[in-house]
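Survey of secondary and tertiary structure
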Amino acid sequence: MRFVPIGNEFVAQEFVARVEDIDLRAPFDAAAVAAIHAGMDRHGVLVFHDQPLTDEQQIAFTRSLGKIELNTANNVTRLDQRRLSIEMSDISNLDQQGNMLARDDRRRAFNLGNRLWHTDSSFKAVPAKYSLLSARIVPSAGGNTEFADMRGGYSALDTETRAEVEDLVTEHSLIFSRGQLGFTDFTAEERVKFAPVRHRLVRANPATGRKSLFLAAHIGTIVGWPVPEARAFVRDLMEHATQPRFVYSHKWRQWDLVMWDNRQVMHRVRRFDDTKVRDMRRTTVGGTEMTVAQAA
Ligand SMILES: [Fe+2]
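Here is a short report on the structure shown in this document. In this text, all values refer to a predicted model and were calculated from it rather than measured experimentally. (Residues numbered from 1 in each chain as written. Predicted model: local features only at pLDDT ≥ 70, side-chain atom pairs only at ≥ 80, totals over all residues. Heavy atoms only, no water.)

This part covers the coordination of the iron ion. Taken together, His118 (NE2), Asp120 (OD) and His267 (NE2) make up the full set of protein donors to the iron ion, lying 2.1 to 2.2 Å away. Mapped onto the sequence, the residues coordinating the iron ion show the spacing H-x1-D-x146-H. For the residue pair His118 and Asp120, the accessibility class agrees, reading buried in each case. (Donors = N, O, S within 2.8 Å, 3.2 Å for Na, K, Ca; no water. Buried < 20%, exposed > 50% of the residue type's maximum accessible area, 1.4 Å probe, protein only.)

Written out as structure tokens, the structure is:
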């Protein structure tokens with residue numbers, strides 16, 4: 001296994017690495033697992049090309065890295081409408097029968113929230129650790145996924161702002177991120193399921209000690225702040241953290257698998273021709289702890 005840093009004129013060399021000489025279908029020994037974790041701590045985003053995985057193989061690789069996060073309370077697709085197993089997050093524009101979702105389909109409208117900068121599952125009290133996204137069918141143009149290095153964003157804050165954000169606690173919910181796009185027709189049951197959770201705005205990677213901003217479109221307020229002031233400040237921080245010098249844009253090829261650390265990285269998908277099939281399948285390594293105690 002070899003890690004080859006991918007830089008460009010903007011983004012720091014260590015943010016993204018291509019991993020070569022590896023077959024993700026093969027069983028992983030402890031040394032290989034340790035090397036992947038070390039690579040994630042160092043880089044934040046890892047790109048694996050030419051990995052033709054089945055769902056079962058993707059799930060097995062994910063399980064070798066930690067406890068897999070099940071897809072409950074992640075979206076508005078009912079259990080009986082699911083196309084994929086509960087271990088997989090369906091990042092496609094397809095329904096259970098493999099037909100394209102209609103333009104006005106409620107599930108499609110909800111999933112458009114992926115176009116906003118976010119971290120996966122930060123709307124859960126225990127947020128996700130890694131996401132692994134496998135490209136099964138990709139449109140010929142558009143649909144890049146962009147990644148922002150939140151360690152870079154944190155270290156580039158001026159001293160005053162860094163001190164100000166250190167102990168702030170935010171509230172995250174899917175209701176807030178979807179609300180930004182005007183999606184507000186949640187059922188009473190969904191409102192309960194998507195109730196806000198609290199997170200620290202600054203997190204440190206336990207392995208490296210490196211701090212990062214924990215931002216996402218899911219943030220609706222800062223605890224103890226007036227809402228408009230909190231949202232204006234979070235918007236400023238988002239702009240700061242997503243400057244081109246912190247952002248890598250991934251152009252997908254079929255059978256790419258890209259893996260990122262949600263504790264240190266934000267991401268978003270860019271627009272593409274939604275009359276073409278895009279079938280991406282995500283598995284998620286769950287986090288191990290809350291970032292802060294939840295409100296009673
Ligand atoms: Fe995502």
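Alright, that's what it looks like, and here's the rest.
In the structure shown here, the tally under the stated rule is nine aromatic pairs. Plain terms: the ring middles of Phe28 and Phe61 are 5.0 Å apart, the flat faces sit at 45° to each other, and that makes the pair tilted. With Phe28 in the loop between strand E2 (16–20) and helix H1 (30–43) and Phe61 in helix H2 (residues 55–65), this pair connects stretches of sequence that are 33 residues apart. Phe61 carries the same exposure label as Phe28, and that label is buried. With a centroid separation of 5.2 Å and 55° between ring planes, the pair formed by Phe147 and Trp260 is classed as tilted. You can see Phe147 sitting in strand E6 (residues 145–149) and its partner Trp260 sitting in strand E13 (residues 257–261), a full 113 residues away along the chain. Judged by relative accessible area, which is 0%, Phe147 ranks as buried. Accessibility expressed as a relative area gives 1% for Trp260, which makes it buried. A network of ring pairs unites the aromatic residues Phe110, Phe183, Phe186 and Phe194 as a single cluster. The aromatic ring of Phe214 is capped on one face by Arg203, whose charged end is 4.5 Å from the ring centroid. (Phe/Tyr/Trp six-rings, centres within 6.5 Å; stacked < 30°, edge-to-face > 60°. Helix = DSSP H or I, 4+ residues; strand = E, 2+ residues; numbered from the N terminus. Lys NZ or Arg CZ within 6 Å of the ring centre and 35° of its normal.)

Looking now at the packing of H1 against H2. Following both chains from N to C, one finds H1 and H2 inclined at 80°, their axes separated by 9 Å at the closest point. By the angle between their axes, H1 is roughly perpendicular relative to H2. Mapping the contact onto sequence places Val33, Ile36 and His37 in H1 and Phe61, Ser64 and Leu65 in H2. For the contact of H1 with H2, the class distribution of residues is four nonpolar, two polar and no charged. (Axes fitted to C-alpha atoms, helices over the stretch in contact; angles between N-to-C directions. Parallel < 35°, antiparallel > 145°, perpendicular 65-115°, else oblique. Contact = heavy atoms within 4.5 Å. Nonpolar A, V, L, I, M, F, W, Y, C, P; charged D, E, K, R; others polar.)

What follows deals with the pairing of strand E7 (residues 169–172). Judged by which residues are buried, E7 turns out to be covered on both faces: Val169 and Glu171 on one side and Thr170 and His172 on the other are all buried. As paired strands, E7 and strand E8 (residues 197–200) are joined by four bridges and run antiparallel to one another. Bridge pairing in E8 places His172 opposite Val197. Sheet topology places E7 next to strand E11 (residues 219–222); three bridges connect them, and they run antiparallel. Its bridge partner lying in E11, His172 is registered against Ile219. (Pairing = 2+ DSSP bridges.)

This structure, assessed with the given rule, holds 27 salt bridges. Between Asp41 and Arg263 there is a salt bridge, with the nearest N and O atoms lying 3.7 Å from each other. Remark: Arg263 occurs in the loop between E13 and strand E14 (265–269) and Asp41 occurs in helix H1; sequence separation between them is 222 residues. An identical accessibility class is assigned to Asp41 and Arg263; each is buried. A network of salt bridges, in which partner residues are shared, links Asp55, Arg83, Asp90, Arg136, Asp279 and Arg281. (Salt bridge = Lys/Arg side-chain N within 4 Å of Asp/Glu carboxyl O.)

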